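Overview (structure and organization)
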Amino acid sequence: MNITVQAIRRSAMAVAAVAAVGALGACSAGASGSATPQAGPGGSTVAANSGVGQGSDGGARQNASTPGTVSTNGGGAANGGHPSCTALKVSQTSPDVVKGSTSQWQLPITMTNQGGTACTVQGFPGVRLDGSDGTSWDLIRTNGAVSPVLLKPGEHVTAEITYLTATSLGSSEPDTGWHVTGYAVTPPNTTNTQTLPWPDALGLVKQDAATHPGTYVGPVHS
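Everything in this summary refers to the structure shown in the same document. (Residues numbered from 1 in each chain as written. Predicted model: local features only at pLDDT ≥ 70, side-chain atom pairs only at ≥ 80, totals over all residues. Heavy atoms only, no water.)

Looking now at the pattern of salt bridges. If you walk through the whole model with that rule in mind, you get 1 salt bridge. Arg128 is the partner of Asp130 in a salt bridge, and the nearest nitrogen-oxygen pair spans 2.9 Å. (Salt bridge = Lys/Arg side-chain N within 4 Å of Asp/Glu carboxyl O.)

Written out as structure tokens, the structure reads:
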């Protein structure tokens, strides 16, 4: 009987020792796995649970109210292998009144790829309005959807500047608005700020401190 009891106790001790070694191995594997980096936007690595914030489009979006700000949208890896456009020429067309309004207008601006290869452009251009009184206004951006656009050499994207005038179309009231003489545009992902003359003689309602002004800039689109 004593031999049997001792044999059982020795067997139980051996099983417990094996289980303890297995538990230590599992803990080591778990600690190593939790530090494994995850692929971030554009193929960059971000540690798991690092708390790094990202925009809804996969990167830090450009602050359109600051001309010259460069956004990071993942570069070539996030845009099908094509680099971001850096040789964009800015030009404008004539403004047109917004449908259903008599005091809100849209000014389309185009950005043409003057480089020798295909590239992508994504996000909002930075826009700064310069007034005849010597003050400036950095426009905010809309909540419009942002998506990359592939441009071959010579092709262009468009973005609209929407602005609110102090006087309505056809009104005989005196124009007491803020008069813009020119404006600066910085295409997305560049620091190439270009200036153009403002094409409208009507004064704007200057709402540079407003949360939702009637003057703003939209994202680029094909």
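Turning to the sheet that holds strand β12 (residues 194-197), a few remarks are in order. The sheet built from 4 strands is open, its strands ordered β8-β7-β11-β12 with antiparallel pairing. The sheet is open, and its two borders are formed by β8 (136-138) and β12, each paired with just one other strand. Direction aside, the axes of adjacent strands within the sheet are offset by 20 degrees on average. Strand direction decides the pairing type here: strand β11 (residues 180-186) and β12, joined by 4 bridges, are antiparallel. If you follow Ala184 over to β12, its bridge partner there is Thr195. (Pairing = 2+ DSSP bridges. Helix = DSSP H or I, 4+ residues; strand = E, 2+ residues; numbered from the N terminus. Axes fitted to C-alpha atoms, helices over the stretch in contact; angles between N-to-C directions.)

Turning to the nonpolar core, a few remarks are in order. Core analysis: the largest hydrophobic core is formed by 28 residues, its most contacted members being Val121, Val127, Leu129, Ile161, Tyr183 and Trp198. Those elements that place two or more of their residues in this core are β3 (88-92), β5 (104-113), β6 (119-121), β7 (126-131), β9 (149-151), β10 (156-164) and β11. Dropping the residues within four chain positions of it, Trp198 is found in contact with Leu107, Leu129, Ile161, Tyr163, Val180, Thr181, Gly182, Tyr183 and Leu204. (Core = buried A, V, L, I, M, F, W, Y, C linked by side-chain atoms within 4.5 Å. Buried < 20%, exposed > 50% of the residue type's maximum accessible area, 1.4 Å probe, protein only. Contact = heavy atoms within 4.5 Å.)

Before going further, it helps to examine the state of the cysteines. Here the structure, examined in full by the defined rule, presents 1 disulfide. Two residues share a disulfide in this structure: Cys85 and Cys119, whose sulfurs sit 2.0 Å from each other. Note on the Cys85 and Cys119 pair: the S-S dihedral is about 95 degrees, so by sign convention the disulfide is right-handed. In this pair, Cys85 is assigned in the loop between α2 (75-78) and β3 and Cys119 in strand β6, connecting sequence segments 34 residues apart. Under the relative-accessibility criterion, Cys85 is labelled buried at 1%. (Disulfide = S-S within 2.5 Å.)

In the structure shown here, the tally under the stated rule is 3 aromatic pairs. On the numbers, 5.0 Å between centres and 65 degrees between planes, the contact of Tyr163 with Trp198 is edge-to-face. Here Tyr163, found in strand β10, pairs with Trp198, found in the loop between β12 and β13 (216-217); they are 35 residues apart in sequence, far enough to count as distant. The pair Tyr163 / Trp198 is uniform in exposure class, with both members buried. Between the aromatic rings of Tyr183 and Trp198, the centroid separation amounts to 5.4 Å while the plane-to-plane angle is 90 degrees, which identifies the pairing as edge-to-face. Here Trp198 lies in the loop between β12 and β13 and Tyr183 lies in strand β11, a separation of 15 residues in the sequence. Each member of the pair Tyr183 and Trp198 is classed as buried. A network of ring pairs unites the aromatic residues Tyr163, Tyr183 and Trp198 as a single cluster. (Phe/Tyr/Trp six-rings, centres within 6.5 Å; stacked < 30°, edge-to-face > 60°.)

Note that all results are geometric; they support no functional claim without further evidence.
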